[in-house]
Amino acid sequence: MRRAHLALLIGVLALGACGGESPTSDAGTPPPVTAQATVTGVVTDSAGRPVTGALVQPKSLDDPAHPVPELAVLSGPDGRYAWHLAAGRYEFTATKDDRAGTPAEVTAAVGGVEQLDLRLP
Amino acid sequence: MAFAGALLATVGLVSTASASTPEGVELGSSDTEAGVTAARHSGLRGVSAYEGTGVPADVTAYGAQRVPAGHRIRGYATPTGDVGIQSIIGADNRVRVNPTTSFPAGATVLITRTVDGVERQHCTGWMFGASLVLTAGHCVYNQTSGWYTGQLKFYPGANGTTYPYGSCTAATLRSNTGWTTDGSADADYGGATLNCSVGNTTGWYGAYWTTASLNGTSTTIQGYPGDKAQQQWTHTDQVRESGSLRLYYDNDTVGGNSGSSVHTVRASGSSGCSGRCSLAFHAYGVGSNGHNSGPRITESRFNLVIGWR
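These numbers come from a predicted model, not from an experiment. (Residues numbered from 1 in each chain as written. Chains lettered and ligands numbered in written order. Predicted model: local features only at pLDDT ≥ 70, side-chain atom pairs only at ≥ 80, totals over all residues. Heavy atoms only, no water.)

Caption draft 1: Main features of the overall build of chain B. Across its full length, chain B holds five helices and 18 strands. Residues counted as buried form 59% of the 309 residues belonging to chain B. Contacts in chain B between residues at least 24 apart in sequence constitute 71% of all its contacts with a sequence separation of at least 6. Surface exposure of chain B reaches about 10900 Å², of which carbon and sulfur atoms provide 52%. (Helix = DSSP H or I, 4+ residues; strand = E, 2+ residues; numbered from the N terminus. Buried < 20%, exposed > 50% of the residue type's maximum accessible area, 1.4 Å probe, protein only. Contact = heavy atoms within 4.5 Å. Areas by Shrake-Rupley, 256 points an atom, 1.4 Å probe, with all protein chains shown as cover.)

So this is what it looks like as structure tokens:
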């Protein structure tokens, strides 16, 4: 009987160690912060003025490619944007209306903050 | 030996618990075949879509806030959509949904995020109950900054600058440890319990899980791409690859479509789920295999999100 209880306990611990998907919510204890890479910068037009509401999209250049979350990340009134991503090499493009800027490349490291300004024609 | 036995015992406990049927959940016929283990595990279980009662005369009756036409959310519209976005695979075949006052358009939710006083387009969600919106995990929780508590607003059926169902805020943001602790893209799903019951009027999507391959099953993604100024757009493709935790498809999407229901349409009376039945949560643009993707609805995920209702 004692052996059965011990075996059950080991089983529960083993499964717990495998991870899994237990429910979490913002009403509970905050989970540990995981280091990501941050890429931030300012979107400007050809005259150097900040562009608000430009959609900033990264594309992974690594092989295999990192999946990129399909968030709408739009530049603010000061043209500034920020992306939090898995570390790696990315190409960022800003688009607005029918304008697309020249893609710009960046390598982002875990815990680092890379500055990458983007230009719209 | 004892370890293996313990694992089996534990799996047995989990299996028994997860096999219990949440309220309102319809079982597929194969699930009712007592004693047929293989059929049980390759069966299909789900809950059907509900088409709602239509646009109410007064959204405040459901606890939602009225939103005046013209309310400004930061975003823009491209005339052609042809801006070289990677997750549009081939030609841009998206089609605008207009008006947005019938099902499932009303049950498709624009999610905005307000930072430094500026409200911007953020993600898409889908009603899955009177007060529950499901979406991608990264729409409610970020590994660097944590929960987006107090920053999100939910506009069911938003259509440009009109908001037929008003807006609601979140009482509770929800996800799972696979995303919030492990940051696994395979577990990138979440939701929000709203402070309103607008789902009664918008209706809600159904959902089902199966362990069988879904290759070839039609997939529709309807949501709010970031290049279309809060307009709702849709595109239909099919499942191209079925992973046990992830589905891959070639629906045309853009940033802002994250959290959309990846759904198929099943005939009335279908086993498990009929109507608009979700298969996955759209979350990622083109990856190494050339397809867009999202976490698949599995048995345990289905039971988890049903428990959020």
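Caption draft 2: Local environment of the layout of surface pockets. The space that makes up the second largest pocket amounts to roughly 530 Å³. Every residue lining the second largest pocket is counted, 22 residues in all, and those nearest its centre are Val-73 and Ala-82 of chain A together with Arg-113, Val-115 and Arg-120 of chain B. Elements with a minimum of two residues in the lining of the second largest pocket: strand 4 (80-85) of chain A together with strand 4 (108-115) and strand 5 (118-127) of chain B. The greatest single-element share of the lining of the second largest pocket, amounting to five residues, is contributed by strand 4 of chain A. Considering only residue class, the lining of the second largest pocket consists of eleven nonpolar, six polar and five charged. (1 Å grid on protein atoms, 1.4 Å probe; cavity = no way out; pocket = protein on both sides within 12 Å on 5 of 7 lines; lining within 4 Å. Points joined across faces, edges and corners; volume = space filled by probe spheres on them. Nonpolar A, V, L, I, M, F, W, Y, C, P; charged D, E, K, R; others polar.)

Caption draft 3: View of the confidence of the model for chain A. Looking at chain A as a whole, its pLDDT mean stands at 85, while 84% of the residues score no less than 70. Below a pLDDT of 50 lies the segment residues 6-18 of chain A, which in the model reaches 16 contacts outside its immediate sequence neighbourhood of four places, other chains included. (pLDDT = per-residue confidence, 0-100.)

Caption draft 4: Focus on unusual backbone geometry. Of the consecutive residues Asp-63 of chain A and Pro-64 of chain A, the connecting peptide bond is found in the cis state with omega at 5 degrees. When you line up the elements, Pro-64 of chain A lands in the loop between strand 3 (55-60) and strand 4. The residue after Phe-103 of chain B, namely Pro-104 of chain B, is reached through a cis peptide bond having omega 5 degrees. Secondary-structure assignment places Pro-104 of chain B in the loop between strand 3 (95-97) and strand 4. We note that Asp-97 of chain A has phi near 50 degrees; this positive angle belongs to a residue other than glycine. With respect to the secondary-structure elements, Asp-97 of chain A resides in the loop between strand 5 (88-96) and strand 6 (99-100). Assessed through its relative accessible area of 30%, Asp-97 of chain A is described here as partly exposed.

Caption draft 5: Layout of the side chain of Thr-40 of chain A. Residue and element names in this part refer to chain A. Residue placement: Thr-40 occurs in strand 2 (residues 37-44). Given a relative accessible area of 12%, Thr-40 falls into the buried group. Side-chain polar atoms of Thr-40 contact the side chain of Arg-80, separated by 3.4 Å. From its side chain, Thr-40 meets the backbone oxygen of Tyr-81 in a polar contact 2.6 Å long. Aside from chain neighbours lying at most four places away, what touches Thr-40 is Arg-80, Tyr-81, Ala-82, Val-113, Glu-114, Gln-115 and Leu-116. (Polar contact = N/O pair within 3.5 Å; in protein donor to acceptor, adjacent residues only side chain to side chain.)

Caption draft 6: A look at the state of the cysteines. Residue and element names in this part refer to chain B. All chains considered together, the criterion is met by three disulfides over all chains. Through a disulfide, Cys-123 is tied to Cys-139; the S-S separation comes to 2.1 Å. Judged by the torsion about the S-S bond (-85 degrees), the Cys-123/Cys-139 disulfide is left-handed. Placement of Cys-123 in strand 5 and of Cys-139 in the loop between strand 6 (132-135) and strand 7 (141-142) is noted, with a sequence separation of 16 residues between them. There is no split in this pair, since Cys-123 and Cys-139 are both buried. Here Cys-168 is linked by a disulfide to Cys-196, with a sulfur-sulfur distance of 2.1 Å. Residues Cys-168 and Cys-196 are joined by a disulfide whose S-S torsion is about 105 degrees; by sign, that bridge is right-handed. (Disulfide = S-S within 2.5 Å.)

Caption draft 7: Seen up close, the side chain of Thr-172 of chain B. With respect to the element layout, Thr-172 of chain B can be found in strand 10 (residues 168-176). With sequence-adjacent residues up to four places away left out, Thr-172 of chain B is seen in contact with Ser-25 and Asp-26 of chain A together with Gly-191, Ala-192 and Thr-193 of chain B.

Caption draft 8: Quick look at the confidence of the model for chain B. All names here are of chain B. For chain B, per-residue confidence averages 85 on the pLDDT scale, and 82% of positions sit at 70 or higher. Low confidence marks residues 1-24, where pLDDT is under 50. Its contacts with residues over four positions away, or in another chain, come to 26 contacts. The model gives residues 26-41 a pLDDT under 50, and that stretch makes 29 contacts with residues more than four places away or in other chains. Here the complex is predicted with pTM 0.86, and the ipTM for its interfaces comes to 0.81.

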